[in-house]
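Descriptive analysis of the structure
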Amino acid sequence: MDCQFYIVATPIGNISDISLRAIEVLKKVNYIACEDTRVTRVLCEKYGFSAKLFDCHKFNEKERSEKIISLINEGNSIALVSDAGTPGISDPGSVLIKELKENNIKITSIPGACAVTTFLSMIPRTTEKYAFIGFIPRVKKQQIDILNKYKYTNCVFYESPNRLIETLENISEEFGYSTKIAVGRELTKLFEEVKIGTVTEIIDYYKNNPLKGEIVAMVFAKEASDISEDKLKEKIRLLKEENYSDKDIAIIISKLYNENKNKIKKLVLNI
Ligand code: SAM
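Note on numbering: residues in each chain are counted from 1, in written sequence order. Since the coordinates come from a predicted model, pLDDT governs what is reported: local features require at least 70, and pairs of side-chain atoms require 80 or more to be given and counted, while whole-chain, interface and lining totals use all residues. For side-chain calculations, the full set of non-hydrogen atoms in the structure is used, while hydrogens and water are omitted.

Further remarks concern the overall build of the chain. A run of H or I in DSSP becomes a helix once it reaches four residues, and a run of E becomes a strand once it reaches two; helices and strands are each numbered from the N terminus. When its secondary structure is counted, the chain shows 11 helices and 10 strands. Projected onto the principal axes, the alpha-carbon positions of the chain cover approximately 80 × 40 × 30 Å. Residues counted as buried form 46% of the 271 residues belonging to the chain. A sequence separation of at least 24 residues applies to 67% of the contacts in the chain between residues at least 6 apart. Only carbon and sulfur atoms are counted for the fraction: they give 49% of the accessible area of the chain, which is about 14700 Å². Both charge centroids of the chain, one from 40 positive and one from 38 negative side chains, sit 1 Å from each other. Whether a residue is buried, partly exposed or exposed follows from its accessible area with a 1.4 Å probe, protein chains only, as a fraction of its type maximum: under 20%, in between, or over 50%, in that order. Whether two residues are in contact is decided by their heavy atoms: any pair within 4.5 Å suffices. Note on areas: these come from Shrake-Rupley sampling with a 1.4 Å probe, and a residue is covered only by the protein chains present in the view. Here Asp and Glu are counted as negative and Lys and Arg as positive; His is not counted, and neither are the chain ends. Charge coordinates come from a single atom per side chain, which is NZ of Lys, CZ of Arg, CG of Asp or CD of Glu.

What follows is the structure, given as structure tokens:
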């Protein structure tokens, strides 16, 4: 083998989603470094890989880098795999890759399954651009900050099924109840499901249907508002003349024009 270190993508659900080249490499290497040896053993048994397995996960990646470099220097070939999909994509790998690069070790990546690309390929988008932010932060303020940063592009994230509804409620509160969302659940598996709708529709759906398994989601790109600040102020003035409360005006205007509620609140207070 000309290369001694391989990054190999493995299935994200359907065990047949593995490339011929990935099989060839995993059959030939001396060692497979994997997140969880129990998970990778299932793949090895299915495809007849006989390489020695050892764990390499986020808690021992640095230490395992030293072991991997020594093994390569002794003439061994090694593949890195994660529990599912492409290593280094919201999975361990980047610490090891940095160490290998610093030691001038050639790296070959064998492409394959990845939840983000599998999901995106099924979503009709009005703009090709997207940002992938990995696992969305758990804290509401951090969620809103990062989604605001990418609000004019499609923003894709991984989320746990236990937190999805709360995250969608935060999105609805900040960006408006009609914000468009897509959710992919259990992709490539028996209960694969893709839902697209307003954030309100998606919340309602998952309050009434099972929300289990693995999730990837996307907030569609917001269209740049075509209403000027002067026009917004004019609308606010009209509602004030009709004696609507400041709070109601902020809600009405932000929902009508899909504007950030806090931005409108500030405008309301300054009029
Ligand atoms: N490296 C993987 C990849 O290439 O997609 C991602 C690993 S990350 C630790 C695991 C997360 O990816 C899950 O919590 C889920 O958000 C997403 N994911 C993985 N498999 C999925 C699937 N079959 N359907 C939907 N989302 C999936």
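Attention shifts here to the sheet that holds strand β3 (residues 52-55). In space, the 5 strands of this open sheet follow the order β3-β2-β4-β1-β5, with parallel pairing throughout. What marks the edges here is a single partner per strand, and that holds for β3 and β5 (107-110). Put simply, the sheet's adjacent strands are angled 25° from each other on average, direction ignored. To obtain an axis, a line is fitted to C-alpha atoms, over the contacting stretch when the element is a helix, and the angle between two such axes runs from 0 to 180 degrees between their N-to-C directions. Sitting on the sheet, helix α3 (residues 61-73) is in contact with β1 (5-8), β2 (31-34), β3 and β4 (78-81), with an inclination near 155° to β3. Across the sheet, helix α4 (residues 94-102) lies against β1, β4 and β5, angled at about 155° from β1, the strand it touches most. Note: two strands are recorded as paired if DSSP finds a minimum of 2 bridges between them.

Turning our eyes to something else, we now look at the packing of helix α6 (residues 140-149) against helix α7 (residues 164-175). Direction vectors running N to C along α6 and α7 enclose 60°, while the axes themselves pass 10 Å from each other. Comparing their axes, α7 and α6 come out oblique. Pair α6 / α7 crosses with right-handed handedness. Along its contact with α6, which presents K140, Q143, I144, L147 and N148, the element α7 presents T167, N170, I171, E173, E174 and F175. Residue polarity follows a fixed list, in which Ala, Val, Leu, Ile, Met, Phe, Trp, Tyr, Cys and Pro are nonpolar, Asp, Glu, Lys and Arg are charged, and the others, Gly among them, are polar. Split by residue class, the contact of α6 with α7 holds 4 nonpolar, 4 polar and 3 charged. Each angle gets one of four labels, with under 35 degrees taken as roughly parallel, over 145 as roughly antiparallel, 65 to 115 as roughly perpendicular, and the rest as oblique. If you view the pair so one helix is near and one far, a crossing is left-handed when the near helix is turned anticlockwise from the far one by less than a right angle, and right-handed when it is turned clockwise.

The next point concerns the nonpolar core. Judged by nonpolar contacts, the single largest core of 21 residues is most densely connected at L168, I171, I181 and V183. Broken down by secondary-structure element, the contributors of at least two residues to this core are α6, β7 (154-159), α7, β8 (180-185), α8 (199-208) and β10 (215-219). It is α7 that contributes the most residues to this core, 5 residues altogether. Apart from residues lying up to four places away in sequence, I171 is in contact with L147, F157, G176, T179, I181, V199 and V219. Here the nonpolar core consists of buried residues drawn from Ala, Val, Leu, Ile, Met, Phe, Trp, Tyr and Cys, with membership extended through side-chain atoms lying within 4.5 Å. With 19 residues, the next largest nonpolar core counts Y6, V8, I23 and A79 among its residues.

Looking now at the domain arrangement of the chain. Note: domain ranges come from an automatic or database domain assignment. As assigned here, the chain comprises domain 1 (5-113), domain 2 (116-219) and domain 3 (229-269). For domain 2 and domain 3, the distance between their C-alpha centroids amounts to 28 Å. Contacts between the two partners involve 8 residues from domain 2, matched on the other side by 5 residues from domain 3. Note on terms: buried area is the combined drop in 1.4 Å-probe accessible area of two parts once they are placed together, counting the loss on both. When domain 2 packs against domain 3, close to 480 Å² is buried across both sides, 34% of that on carbon and sulfur atoms.

What follows covers the site of the ligand. Neighbouring the ligand are 19 residues; T86, D91, A115, Y158 and I215 lie closest to it. With respect to the ligand, the backbone of A115 contributes an N or O atom lying 2.8 Å from an oxygen atom. In this structure, E214 approaches the ligand through a side-chain N or O atom, which is 3.4 Å from a nitrogen atom. Relative to its free-state accessible area of 580 Å², the ligand is covered by the protein chains to the extent of 90%. Mapped onto the shell around the ligand, the elements with two or more residues apiece are β7 and β10. For this purpose, a residue is taken to be near a molecule or strand whenever a single non-hydrogen atom of the residue falls within 4 Å of it. The definition of a polar contact used here is a pair of N or O atoms within 3.5 Å, where within protein one atom must be able to donate a hydrogen and the other to accept one, and adjacent residues in sequence count solely through side-chain atom pairs.

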